[in-house]
Amino acid sequence: MAPTTTARLAGKVALVTGAARGQGRSHAVRFAEEGADVVAIDLEHGIGSVRYPLGTPAELEETAAQVRALGRRVVTAIADVRDEKQLTVAVDAAVAELGGLDVVCANAGITSAAPATAMTAEQWRDVLDVNLTGVFHTVRVAVPHLRAAGGGSVVIVNSAAGLRAYRNLAHYTAAKHGLVGLMRNLALELGEDWIRVNSVHPTGVDTPMMLNDDALRLYRPDLENPTRDDVAPVFSGVHALPVPWVEPVDVSNAVVFLASDEARYITGASLPVDAGRGLT
């Protein structure tokens, strides 16, 4: 279903990490549809333990083109959320160009898969550094700008794995559970500055992070080259609603709601977008 645009974020500036493609691009475009200018950030290269391709600078520019096509301003920056100094330089420059910052969407994330006892130190470190520490860096860098604006909204893109455990994803589950605690603590500490902090928790989303060759084989190890159609029944079977996964825009709609004044008194909340995954 196409989103209904209402200019809920007119006059706002929104920061999105991991904006080159997938959920990040969807969030950036939805922000623009709702009237916001966008700071779109992603990294320049892959990460060692991640076997699927990550977003590229060219894809980041395509995100920017889609935002501009909606009549909104956009500033792109290449920065790694693991590097707080690099991220600070990028965000400070973008905010100076756009004139402020009102919304932060901490979206950047990666994954890999292995049993906990077989997981490499590199796999563990990379996922924790991006998915948990990267969000910590993003918020720390953004908070001075949100305070200068008199408040704002931080939306952390978490996962159903932030609320339950998954086999072969100990590092991812640990990072996402950690984000729940971080979100709650930030909501408590930043509330006096009128900065709200919440998280969304999607089930599997139709993006390259989820539907890549390695992930497909993980869920259908009985097949040499499984397809989307082969794994769809597996994913459908864990949801209360009869769908295998959700679309990026379904998550973006929740992000926009939490970023908007419609959610002005919502903070410290975990919002599932999971087709009932948490019920099964």
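All values reported here derive from a predicted model rather than from experimental measurement.

### Digging into the overall build of the protein chain
Move 1: When its secondary structure is counted, the protein chain shows eight helices and seven strands.
Move 2: A compact globule built from 280 residues would reach a C-alpha radius of gyration of about 19 Å, and the protein chain, at 18 Å, matches this within 12%.
Move 3: For the protein chain, buried positions account for 52% of its 280 residues.
Move 4: Counting every atom, the protein chain has about 12,300 Å² of accessible surface; 54% of that belongs to carbon and sulfur.

### Re the sheet that holds strand β3 (residues 74–78)
Move 1: Read across the open sheet, the seven strands follow the order β3-β2-β1-β4-β5-β6-β7; overall the sheet is parallel. Of all the strands in the sheet, the pair left with one neighbour each is β3 and β7 (270–273). Going from strand to strand, the sheet's axes swing by 15° on average, the running direction of each strand aside.
Move 2: Two elements, strand β2 (residues 37–42) and β3, share five bridges in a ladder whose sense is parallel. Bridge pairing in β3 links V39 to V75.
Move 3: Its contacts with the sheet put helix α1 (residues 22–33) on β1 (13–17), β2, β4 (103–106), β5 (152–157) and β6 (195–202), and the angle it makes with β1 is roughly 175°.
Move 4: The strands that helix α2 (residues 57–69) touches are β2 and β3; relative to β3, the one it contacts most, it runs at about 170°.

### Regarding the environment of A175
Move 1: Position of A175 among the secondary structure elements: in helix α5 (residues 170–190).
Move 2: In this structure the C-alpha to C-alpha distance between A175 and L43, which are 132 residues apart in sequence, comes to 20 Å.
Move 3: Not counting residues within four places of it along the chain, the set of residues in contact with A175 comprises V127, L128, N131 and L132.

### Concerning α2
Move 1: Along its 13 residues, α2 runs 18 Å from first to last C-alpha, staying within 8% of the 18 Å computed at 1.5 Å per residue.
Move 2: Restricting attention to buried positions, one finds in α2 the residues L60, T63, A64 and V67. One side of α2 carries all its buried residues, which in axial view fall inside an arc of 100°. Projecting away from the buried face of α2 at angles above 90 degrees are the exposed residues A58 and A69.
Move 3: Looking at the buried positions of α2, the neighbouring elements they touch are α1, β2 and β3.
Move 4: Downstream of α2 by one or two residues, G71 has phi in the positive range, about 85°.

### Some words on the environment of L211
Move 1: Positionally, L211 belongs in the loop between β6 and α6 (213–219).
Move 2: Overall, the relative accessible area of 15% leaves L211 in the buried class.
Move 3: For the pair L211 and E59, spaced 152 residues apart in the sequence, the C-alpha separation amounts to 18 Å.
Move 4: Those residues in contact with L211, other than ones at most four positions away along the chain, are D206, L216, R228, V231 and W245.

### Here's the deal with unusual backbone geometry
Move 1: Positive phi values are uncommon outside glycine, yet N168 reaches one of about 70°.
Move 2: With a relative accessible area of 27%, N168 lands in the partly exposed category.
Move 3: The phi torsion at A275 lies on the positive side, around 55°, for a residue other than glycine.
Move 4: Locating A275 in the fold gives a position in the segment after β7.
Move 5: Judged by relative accessible area, A275 falls into the buried class, the value being 10%.

### Side note on the environment of P248
Move 1: Residue position: P248 is located in helix α8 (residues 248–259).
Move 2: Look at P248 and you get buried, because its relative accessible area is 13%.
Move 3: Separated by 227 residues in sequence, P248 and R21 have C-alpha atoms that sit 10.0 Å apart.
Move 4: Not counting the four nearest positions on each side in its chain, P248 is found in contact with G22, Q23, S26, H27, V205, D206 and T207.

### A closer look at a nonpolar patch on the surface
Move 1: Taken together, the side chains of L218, Y219 and V234 make up a nonpolar region of the molecular surface, amounting to roughly 210 Å² of accessible area.
Move 2: Its location among the elements puts V234 in helix α7 (residues 228–236).
Move 3: Note on V234: relative accessible area 34%, which makes it partly exposed.

### Quick look at the pattern of salt bridges
Move 1: By the definition in use, this model includes 15 salt bridges.
Move 2: Measuring nitrogen to oxygen at the nearest pair gives 3.2 Å for the salt bridge that ties R8 to E262. Placement of R8 in the segment before β1 and of E262 in the loop between α8 and β7 is noted, with a sequence separation of 254 residues between them.
Move 3: Here D206 makes a salt bridge to R228, at a shortest N to O gap of 2.8 Å. In this pair, D206 sits in the loop between β6 and α6 while R228 sits in helix α7, placing the two residues 22 residues apart along the sequence.
Move 4: Overlapping salt bridges bring together R8, R30, E33, E34 and E262 as one network.

Conventions and cut-offs
The residue numbers shown here count from 1 along each chain, following its written sequence. Whole-chain, interface and lining totals are the exception, using all residues; otherwise, since this is a predicted model, local features are given only for residues with pLDDT of at least 70 and side-chain atom pairs are given and counted only at 80 or more. The basis for every side-chain value is the complete set of non-hydrogen atoms in the structure, without hydrogens or water. Working definition: helices are DSSP H or I runs of at least four residues, strands are E runs of at least two. Numbering for both runs from the N terminus. Atoms counted for the radius of gyration: C-alpha only. Globule rule: 2.2 Å times residue count to the power 0.38. Exposed residues in this analysis have more than 50% of their type's maximum accessible area, buried residues have under 20%, and partly exposed residues fall in between, with area computed by a 1.4 Å probe over protein chains only. Only the protein chains shown count as cover for residues, with accessible areas throughout obtained via the Shrake-Rupley method and a probe of 1.4 Å. At least two bridges found by DSSP between two strands is the condition for calling them paired. Every axis corresponds to a line fitted to the C-alpha atoms, with the helix fit spanning only the stretch in contact, and the corresponding angles, defined between N-to-C directions, vary from 0 to 180 degrees. Contacts: residue pairs with any heavy atoms within 4.5 Å of one another. Each residue after the first adds 1.5 Å to the expected span of a helix. What the arc measures is the spread of directions leading from the helix axis to the C-beta atoms. Residues enter patches when they are more than 30% accessible in relative terms and free of salt bridges; like-charged ones are connected within 9 Å and nonpolar ones (Val, Leu, Ile, Met, Phe, Trp, Tyr) within 5 Å. Any Lys or Arg side-chain nitrogen located within 4 Å of an Asp or Glu carboxyl oxygen qualifies as a salt bridge.

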